[in-house]
Amino acid sequence: MAEKDILSSLRSLMASHSPPLDALVVPSEDYHQSEYVSARDKRRAFVSGFTGSAGLALITMKEARLWTDGRYFLQAMQQLSDQWTLMRMGEDPAVDIWMADNLSADAAIGVDPGCVSVDTTKRWKLAFSKKQQKLVQTETNLVDEIWKNRPPEDVNPVSVHPLEFTGCSVAEKLKDLREKLRQEKARGIIISMLDEVAWLYNIRGNDVPYCPVVHAFAIVTLNSAFLYVDNRKLSNEVKSYLEENAVEVREYTAVVSDVVLLSSNQLDLANAEDAKDIKSDSDETVTTVSDTVLIWVDPGSCCYALYSKLNSEKVLLRQSPLALAKAIKNPVELDGLKKAHIRDGAAVVQYLVWLDKQMQEIYGASGFFLEGECANEKKNLKTTKLTEVTVSDKLESFRASKEHFRGLSFPTISSVGPNAAIIHYSPQAETCAELDPDSIYLFDSGAQYLDGTTDITRTVHFGKASEHEKACYTAVLKGHIALGNAYFPNGTNGHALDILARVPLWKDGLDYLHGTGHGIGSYLNVHEGPHLISFRPQARNVSLQASMTVTDEPGYYEDGNFGIRLENVLIINEADTEYNFGDKGYLSFEHITWAPYQTKLIDLSLLGPDEIGWLNTYHSKCRDILAPYLDDTEMAWLNKATEPIGA
């Protein structure tokens, strides 16, 4: 269906809707507020043509606008037709403000209540109240009605994630969750986030590309636990496992009616007497069912469609307790993440060895180590070529050979020259660029392993980089080192630390439009909250804590020329400081990503002795840690790539 036909069809449905709609909002998210969604849930991409993971489309009777963040400005400009207007988050008015200011009084704005969170809905309603505009919950999703070739729902099998990787049983997780419910006088909780459902019940799936999750909801009460999932996805083995863990399986769509039952206290039929005299580990009597009245709902992840079935006066609107519990990794998860990153680092080194050789043989490039000009006669005589897609496929093949590999953790960002300036660039086979020995090459990639999820970015040049490119690379590296070496007291949030990665860039009047760090799942989502390191206000919401994971990924992007980003995954540890001012306890970071930085891109005159010392120590660890996974040729290359600098 042509884009103008999509907009025309939607406007026709809007006009015939009861009440008629003056505007229709099409969010990126699915019914679980997922960042990455399945093919059949990519409604915003279908209507707008913009394929980035974050954004929101607004369609009125006369215009169409798309909001997205700084990671996607360039991509959106390239993908949106002249039917659309790009709205830059952080620069242009937010969507609710724009609608309140620009739509008529009494305007009706439609949205599928399953695709918007409680928080978002409340914020919009408040904005609309100024002009008596109203948010209309559509009975069906209007996009689905016109999407004739909408991809079918896949029936992907659910698997049990064994204790050797999870480190904590379902029984233990449910016990901890119920203790939190009692503390907050809640008798039940609705769990919508796919990774939280998977983490709680120690199950994994394949319903969303790159994320090993299952399309499912969960409800947990003081006496019962429910999983709402397409029953066809469960083998007899998985059904038995869930039954053994006292998890009752119900059909995915039954969650709506069960939320109604939960609201009226009819879902959990167990006698309240059974909960009396429950003892905590400390032998103190805890709250009984008769004392609990609230239903816990995460306003940031629960869709408004479910929330609207509850009595709002008896709802505890608070972040899910599973978000923090999942983010603070147990010793088994930490050990698995470290091992996964070692194998992943070996794959990245093998890729760089291969790519270095190919660039020299095919393009006459001077290579990873030397700075000579490209041998143009060889470049002109080449019979084969490397593209952003073919080389990223090769990187995937190196990862696929590693133990416990289950797939990529996100679409590989394999970007040459100007494309590297597109922060979340996604190359397509038909339109991607050929590798260029005279341009920067940035690759941001990761994998899903049974014992951990990985995410790494390196930026390299196989020819002669300009002095400006070296200065920018070095500024990014300095910020990367500064953040990774930080010590900070307990209670510090990621908003406070974000500046450390930016100061070296700010000195030159440079910056970047994305956050600096996000959590990483344990064979789960590559972007995991609730914490983050960012300039955005939400980074203030959660303090960084020991045993969390977080990335360290500053960058710099020059539109039309090049992009630079460096990224490692860090673990937060308790720090052994000489003093302990305020008895707060202090924290520091531990790098678990292992792959060399390209020293020929570094302007050594811009690094201090401590930074040079850190880089040499890191490279020495790379050699020692990766040696068992590399052959003699690969090891010789790594030895050269990690030779001490500044000596």
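Numbering of residues begins from 1 in every chain and follows the order in which that chain's sequence is written. Local features in this predicted model are restricted to residues of pLDDT 70 or higher, and side-chain atom pairs are both shown and tallied only at a pLDDT of 80 or more, whereas totals for entire chains, interfaces and linings draw on every residue. Calculated side-chain values reflect all of the structure's heavy atoms, with hydrogen atoms and water omitted.

Where an unreviewed UniProt entry is consulted, the protein appears under the name Xaa-Pro aminopeptidase, with the organism given as Rhizophora mucronata. UniProt positions are given in the numbering used here, feature names are shortened, and annotations may be inferred rather than shown by experiment. For the record of the protein, the UniProt heading Cofactor (unreviewed entry) holds the text "Mn(2+)". A UniProt comment under Catalytic activity (unreviewed entry) is attached to the protein, and it reads "Release of any N-terminal amino acid, including proline, that is linked to proline, even from a dipeptide or tripeptide."

Visitor: Requested: an account of the UniProt feature "domain: Creatinase N-terminal" (unreviewed entry) in the protein, with residues and values cited.
Guide: When the UniProt feature table is mapped onto this chain numbering, "domain: Creatinase N-terminal" (unreviewed entry) sits at residues 8–139. The span residues 8–139 shows a helical share of 31% and a strand share of 21%, and its end C-alpha atoms are spaced 20 Å apart. Strands are runs of DSSP state E lasting at least 2 residues, helices are runs of H or I lasting at least 4, and numbering of each runs from the N terminus.

Visitor: Give me the packing of helix α14 (residues 331–363) against helix α16 (residues 388–400): which residues, what numbers.
Guide: Between N-to-C directions, angles span 0 to 180 degrees; the directions come from axes that are lines fitted to C-alpha atoms, helices contributing only their stretch in contact. α16 packs onto α14 with a crossing angle of 140° between their chain directions and a minimal axis gap of 8 Å. As summarised for this structure, α14 and α16 are arranged oblique, according to the angle between their axes. For α14 against α16, the interelement crossing comes out right-handed. For the pair α14 and α16, the contacting residues are Asp 344, Ala 347, Val 348, Gln 350, Tyr 351, Trp 354 and Leu 355 in the first and Val 391, Ser 392, Lys 394, Leu 395, Phe 398 and Arg 399 in the second. Note that the term roughly parallel is reserved for angles under 35 degrees, roughly antiparallel for angles over 145, roughly perpendicular for angles of 65 to 115, and oblique for everything else. Crossings are sorted by hand: turned counterclockwise from the far helix by less than a right angle, the near helix makes the crossing left-handed, and turned clockwise it makes it right-handed. The contact criterion used throughout is that any non-hydrogen atoms of two residues lie within 4.5 Å.

Visitor: An account of a nonpolar patch on the surface is requested, with residue identities and associated values reported.
Guide: Only residues whose relative accessible area exceeds 30% and that form no salt bridge enter a patch; like-charged residues are grouped when within 9 Å of one another, and nonpolar side chains (Val, Leu, Ile, Met, Phe, Trp, Tyr) when within 5 Å. Methods summary: accessible areas were calculated by the Shrake-Rupley approach with a probe of 1.4 Å, and residue burial reflects only the protein chains presented. The term salt bridge refers to a pairing of a side-chain nitrogen on Lys or Arg with a carboxyl oxygen on Asp or Glu at a separation within 4 Å. Taken together, the side chains of Ile 499, Leu 500, Val 503 and Trp 506 present a nonpolar region at the surface, about 310 Å² in accessible area. Along the chain, the position of Ile 499 falls in helix α18 (residues 494–506). Under the relative-accessibility criterion, Ile 499 is labelled partly exposed at 37%. Relative accessibility decides the category of a residue: with a 1.4 Å probe and only protein chains considered, values under 20% of the type maximum give buried, values over 50% give exposed, and everything between is partly exposed.

Visitor: Please give an account of the sheet that holds strand β14 (residues 315–317) that cites residues and values.
Guide: Whether two strands pair depends on DSSP finding at least two bridges between them. Taken in spatial order, the six strands of this open sheet run β12-β11-β10-β8-β13-β14, and their pairing is mixed. Looking at the sheet topology across the chains shown, the edges are occupied by β12 (248–250) and β14. Looking at each pair of strands side by side, their axes are set apart by 20° on average, direction ignored. The sheet contacts of helix α9 (residues 194–201) involve β8 (186–191), β10 (217–221) and β11 (225–228), and relative to β10 the element is tilted by about 55°.

Visitor: Which residues make up the pairing of strand β3 (residues 64–68), and what are the values?
Guide: Burial runs high along β3: five of the five residues are buried. Of the two faces of β3, the one carrying Ala 64, Leu 66 and Thr 68 and the one carrying Arg 65 and Trp 67 are both buried. As defined by bridge partners, strand β2 (residues 56–60) adjoins β3 across four bridges and the pair is classed as antiparallel. Residue pairing in the sheet places Ile 59 in a bridge with Ala 64 of β3.

Visitor: Help me get a handle on helix α19 (residues 609–626), residues and values and all.
Guide: Taking 1.5 Å of rise per residue, 18 residues should cover 26 Å, and α19 covers 26 Å from first to last C-alpha, within 8% of that figure. Along α19, the residues that are buried comprise Glu 611, Ile 612, Trp 614, Leu 615, Asn 616, Tyr 618, His 619, Cys 622, Arg 623 and Leu 626. Considering only its buried residues, α19 is in contact with α14, β20 (456–461), α17 (467–484), β27 (568–574), β28 (586–591) and α20 (632–641). Every helix has an expected span of 1.5 Å times one less than the residues it contains.

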